[in-house]
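Listed below are the residues making up each chain.
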Amino acid sequence: MLAMLAKLKTFALQGIEAVPVEVEVDVSPAGLPKTILVGLPEAAVRESMHRVERALANSGFERPQNRVVINLAPADLPKEAASFDLPIALGVLAGSGQIAADRLDQYAVVGELALDGTTRPARGALSMAMAARNDRQLKGIVVPADSAAEAAVVEQVDVIAASSLAQAAGFLVGQVDIEPTPSRIDELFRTWANYEVDFADVRGQEMAKRAIVVAAAGAHNILMVGPPGSGKTMLAKRVPSILPDLTPAESIETTRIYSAVGRLRPGQSLLATRPFRSPHHTISNAGLVGGGSVPAPGEISLAHNGVLFLDELPEFNRQTLEVLRQPLEDGTVTISRALSSVTFPADFMLVAALNPCPCGYRGDSRRACHCTPPQVERYMARISGPLVDRIDIHLEVPAVAFKELSAGAGGTSSAEMRAQVASARAIQIRRFQGSRQRYNGQMTSRQIRQFCAVENECRELLRAAVNELGLSARAHDKVLRVARSIADLEESPAIEPHHLSEAINYRLLDRQLWV
């Protein structure tokens, strides 16, 4: 058996980014067979040698009876996924002379192996395909057959689907022809870009729907206050259905996150609808914003380009809620560790809901509330003022009357609401052309002064609201941003007094109604 050095290219995930890794396999004569794996491998990678050896034997290849040294470079980057199985196995075959190394420098290889030599899906295949496309020395990437549709979303790179070690080896030596998996983005959008819920299912609550349209139009965060059963959760679940359709770039960006953590549904290689995440109130800090010894994205990153719904907001740990403050402002979250830091995207629309008091029935004419003012104060104090400041719209959602529940006609549909949102957002895209900001909810202080200038009547109205409600400087800016969105819904070039009045009415928690 001829001994030599073989080199292959593969990728490791760091957060949601794919980092190039070179697999070097040196097979040299030795008295006793021995395999040494170096390059900072974690447990899953160290165990790979047992899988690789049995996969080689069960695929009809020979296990080298020599000294095998496998190096995963760069040596200071932790390698912690099972996707190194396939490149290591192919490197062993090339290094021991069982296959020729003609195409190894043209294709990156990723994939986990079963003991019988078949391939298993690899997490982060989409990010890896994007990295392969950006490497001009590579023609394509060999991936497990079950990950091929996901990787093929990336255009301008050949994605080769290998169902087994033998098939991958046959392709790389030119004995097996495998056509690149075609990109079917349009077909995927037609298949998956449908929402199962619609605002037409919600009876009554037309005022709440109006506020949600305003929030969606300007990408504003919204908080709903109302008694149990008033429809807060039902409304929140339907918010994604009125947001504009995901663009291909947004879809790929969001899919990368789900792919990296293995959250894509079987058979779904692309997210075509805006994500809706609703974590339980017992969630930890790391579960919400991301973290762990190897940083992984949390719920706010899984809600990227979509909606994060926090139901029963005061029941969340206060410290957990406080970590939301920076991502709400920046649209990203950075997880820092001793050896590295990882930045995850977290540009989401926050929708929160809470009861007006511990029992939930304060202000409800049909049920008596037995909560004392101190109890209500303590309940509402679980949410910090700085966090409430960062929520643009505070909305009261009252109980629905029987007359509206029993009405035969449906309410305003998602299609009607989406048309209004799309029209307002088109105005904002033209307004912010050339800047990082795209929507009113993201305006900087300088842009607020430029695009939210008000006349004397509006200025007096705003001054009275600031003095009476005690609005902070941030809340003052939030009112102007919301007023700008309301004006955009009416295609009004200027903010009128009635736009500003409606925006001020959306600062419910600033009015101290619950004490």
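Everything below is about the structure shown above.
Here the structure is a predicted model, which is why all the values come from computation and not from measurement.

A. Representation of the overall build of the protein chain. When you go through the protein chain residue by residue, the secondary structure sums to 22 helices and 18 strands. Projected onto its principal axes, the C-alpha positions of the protein chain cover 90 × 50 × 45 Å. When contacts within the protein chain are restricted to residue pairs at least 6 apart in sequence, those whose partners lie at least 24 apart make up 75%. Of the roughly 22,900 Å² of accessible surface on the protein chain, a fraction of 49% belongs to carbon and sulfur atoms.

B. Fine view of the nonpolar core. Ranked by size, the top nonpolar core spans 49 residues in total, and within it F199, I222, L235, M349, V351, I393 and L500 carry the most contacts. Ranked by residues supplied to this core, first place goes to helix α8 (residues 206–218) with eight residues. Setting aside residues up to four positions removed in sequence, M349 forms contacts with A215, A216, H220, N221, I222, V239, L243, G306, V307 and L308. One finds V289, F316, L324 and V333 within the second-largest nonpolar core, a separate group that totals 42 residues.

C. The pairing of strand β15 (residues 332–336), seen in detail. Along β15, the buried face is formed by V333 and I335; none of T332, T334 and S336, which line the opposite face, is buried. Across five bridges, the pairing between β15 and strand β16 (residues 341–345) is antiparallel. Its bridge partner being in β16, T334 is matched across the sheet by T343. Taken together, β15 and the strand that follows it, β16, pair antiparallel across an intervening segment of four residues.

D. Inspection of the environment of A43 at higher detail. Inspection of the secondary structure assignment puts A43 in helix α1 (residues 43–46). With relative accessibility at 38%, the residue A43 sits in the partly exposed group. C-alpha separation for the pair A43 and E416, spaced 373 residues apart in sequence, amounts to 53 Å.

E. Summary view of the packing of aromatic side chains. Per the stated rule, a full pass over the model turns up three aromatic pairs. With a centroid separation of 5.1 Å and an interplanar angle of 80°, the aromatic rings of Y107 and F171 are classed as edge-to-face. Within this pair, whereas Y107 is found in strand β5 (residues 107–109), its partner F171 is found in helix α6 (residues 165–172), the two being separated by 64 residues in sequence. Comparing Y107 with F171 shows no difference in burial state: the two are buried.

F. Structural view of the layout of surface pockets. Counted as a void, the largest pocket has a volume near 980 Å³. Every residue lining the largest pocket is counted, 36 residues in all, and those nearest its centre are L328, E329, G331, D347 and Q442. Among the secondary structure elements, those contributing two or more residues to the lining of the largest pocket are α10 (248–260), α14 (325–330) and α21 (473–489). Tallied by class, the residues present in the lining of the largest pocket amount to ten nonpolar, eleven polar and 15 charged. Put simply, the second largest pocket is a space of about 760 Å³. Tallied by class, the residues present in the lining of the second largest pocket amount to 19 nonpolar, five polar and six charged.

G. Quick peek at the pattern of salt bridges. Going through the model one piece at a time under the given rule, you end up with 22 salt bridges. As a salt-bridge pair, R366 and D364 come within 3.9 Å of each other at their nearest N and O atoms. The partner of D488 in a salt bridge is R484, with the nearest N and O atoms 3.2 Å apart. Taken as a pair, D488 and R484 lie in helix α21 at a separation of four residues, close to a single helical turn. For the pair formed by D488 and R484, the shared burial category is buried. A cluster of three or more residues bridged by salt bridges with shared partners is formed by E250, R274, D347 and R438.

What counts and what doesn't
- Residues numbered from 1 in each chain as written.
- Predicted model: local features only at pLDDT ≥ 70, side-chain atom pairs only at ≥ 80, totals over all residues.
- Heavy atoms only, no water.
- Helix = DSSP H or I, 4+ residues; strand = E, 2+ residues; numbered from the N terminus.
- Contact = heavy atoms within 4.5 Å.
- Areas by Shrake-Rupley, 256 points an atom, 1.4 Å probe, with all protein chains shown as cover.
- Core = buried A, V, L, I, M, F, W, Y, C linked by side-chain atoms within 4.5 Å.
- Buried < 20%, exposed > 50% of the residue type's maximum accessible area, 1.4 Å probe, protein only.
- Pairing = 2+ DSSP bridges.
- Phe/Tyr/Trp six-rings, centres within 6.5 Å; stacked < 30°, edge-to-face > 60°.
- 1 Å grid on protein atoms, 1.4 Å probe; cavity = no way out; pocket = protein on both sides within 12 Å on 5 of 7 lines; lining within 4 Å.
- Points joined across faces, edges and corners; volume = space filled by probe spheres on them.
- Nonpolar A, V, L, I, M, F, W, Y, C, P; charged D, E, K, R; others polar.
- Salt bridge = Lys/Arg side-chain N within 4 Å of Asp/Glu carboxyl O.

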